[in-house]
Amino acid sequence: MGDLNLVQHATYSPTWCMACKSDTGPFIDTRIEEVTINTAHGAEIFTGHVYICSSCVTQMAHLIGCIVPEEARKLHDERGELLFRVQILEDELADARDNKVVSREDFKVWLGETVKADAELKAKPGRPRKSAE
Ligand SMILES: [Zn+2]
């Protein structure tokens, strides 16, 4: 088989898709120009171009695990949205770091030490009391 070629119209006989008989392009021209077909009258050699329409190629590609153009576009769009979201999160993270925001674990340690120090202060005898004026 020679190189495959994309054509908009099937210009050589039989001017249709070998798989589904559609005459609507675009087609892959397989450049296969001679096919032996068994008929009621015996084997006959067919000469012409073997075309496969884009719909059949898409179905074939999908069957072997390729993504079709519609799926590729959807994945491309989703990728763009995710990259945008990652950028927002990275910007928020950089802002949080710049503002000296503490991590949740550091905050728990700080809170525990504060509660402990407050309890120790309250337990001390003779600690100054606030007046209720
Ligand atoms: Zn077809």
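Numbers given for residues are sequential positions, taken from 1 along each chain in its written order. Under the rules for a predicted model, residues below a pLDDT of 70 receive no local features and side-chain atom pairs below 80 are neither given nor counted, while totals for whole chains, interfaces and linings still include all residues.

Quick notes on the overall build of the protein
Alright, step 1. Here a helix means four or more residues in a row that DSSP labels H or I, a strand means two or more in a row labelled E, and each is numbered from the N terminus. When helices and strands are tallied, the protein shows three helices and five strands.
Alright, step 2. Reading the secondary structure of the protein in the N-to-C direction produces β-β-β-β-β-α-α-α.
Alright, step 3. Taken over the C-alpha trace, the protein has a radius of gyration of 37 Å; the compact-globule value for 133 residues is 14 Å, which it surpasses by more than 25%.
Alright, step 4. Taken along its principal axes, the extent of the C-alpha atoms in the protein is 120 × 30 × 25 Å.
Alright, step 5. Partly exposed residues are those whose C-beta has more than 12 but fewer than 20 other C-beta atoms within 10 Å; 20 or more makes a residue buried and 12 or fewer makes it exposed, with C-beta atoms placed from the backbone. Across the 133 residues of the protein, 5% fall into the buried class.
Alright, step 6. Taking contacts inside the protein between residues at least 6 apart in sequence as the whole, the part at least 24 apart equals 49%. Here the globule rule is a power law, 2.2 Å times the number of residues to the power 0.38, and the radius of gyration is based on C-alpha atoms. By the convention adopted here, residues make contact when the C-beta atoms placed from their backbones lie within 7 Å.

Comments concerning the sheet that holds strand β1 (residues 5-7)
Alright, step 1. The antiparallel open sheet is built from three strands, whose spatial order is β1-β2-β5. Lying at the two open borders of the sheet, with one neighbouring strand each, are β1 and β5 (51-53). Strand after strand, the sheet turns through a mean of 30° between neighbouring axes, direction not considered.
Alright, step 2. Sheet analysis places β1 next to strand β2 (residues 27-29), joined by three bridges and oriented antiparallel. When DSSP finds two or more bridges between a pair of strands, those strands are recorded as paired. Interaxial angles span 0 to 180 degrees and are taken between N-to-C directions of axes, which are lines fitted to C-alpha atoms, for helices over the stretch in contact.

Here we look at the pairing of strand β3 (residues 34-39)
Alright, step 1. Across the six residues that make up β3, only a small minority, zero, are buried.
Alright, step 2. When β3 meets strand β4 (residues 42-47), the two strands line up antiparallel, connected through six bridges. Each residue of the ladder has a partner; that of N38, found in β4, is A43.
Alright, step 3. Counted along the chain from β3 to the antiparallel partner β4, the turn is two residues long.

Notes on the nonpolar core
It is characteristic of soluble globular proteins that their nonpolar side chains tend to be buried jointly.
Alright, step 1. In this usage, the nonpolar core is the set of buried Ala, Val, Leu, Ile, Met, Phe, Trp, Tyr and Cys residues whose C-beta atoms join them within 7 Å. If you look at the biggest cluster of nonpolar residues, it comprises six residues: A10, C17, F27, V50, Y51 and C53.
Alright, step 2. With sequence-adjacent residues up to four places away left out, C53 is seen in contact with C17, C20, S22, T24, G25 and F27.

Details of the environment of A117
Alright, step 1. Position of A117 relative to the elements: it lies in helix α3 (residues 104-123).
Alright, step 2. The class of A117 is exposed, set by 10 C-beta atoms lying within 10 Å.

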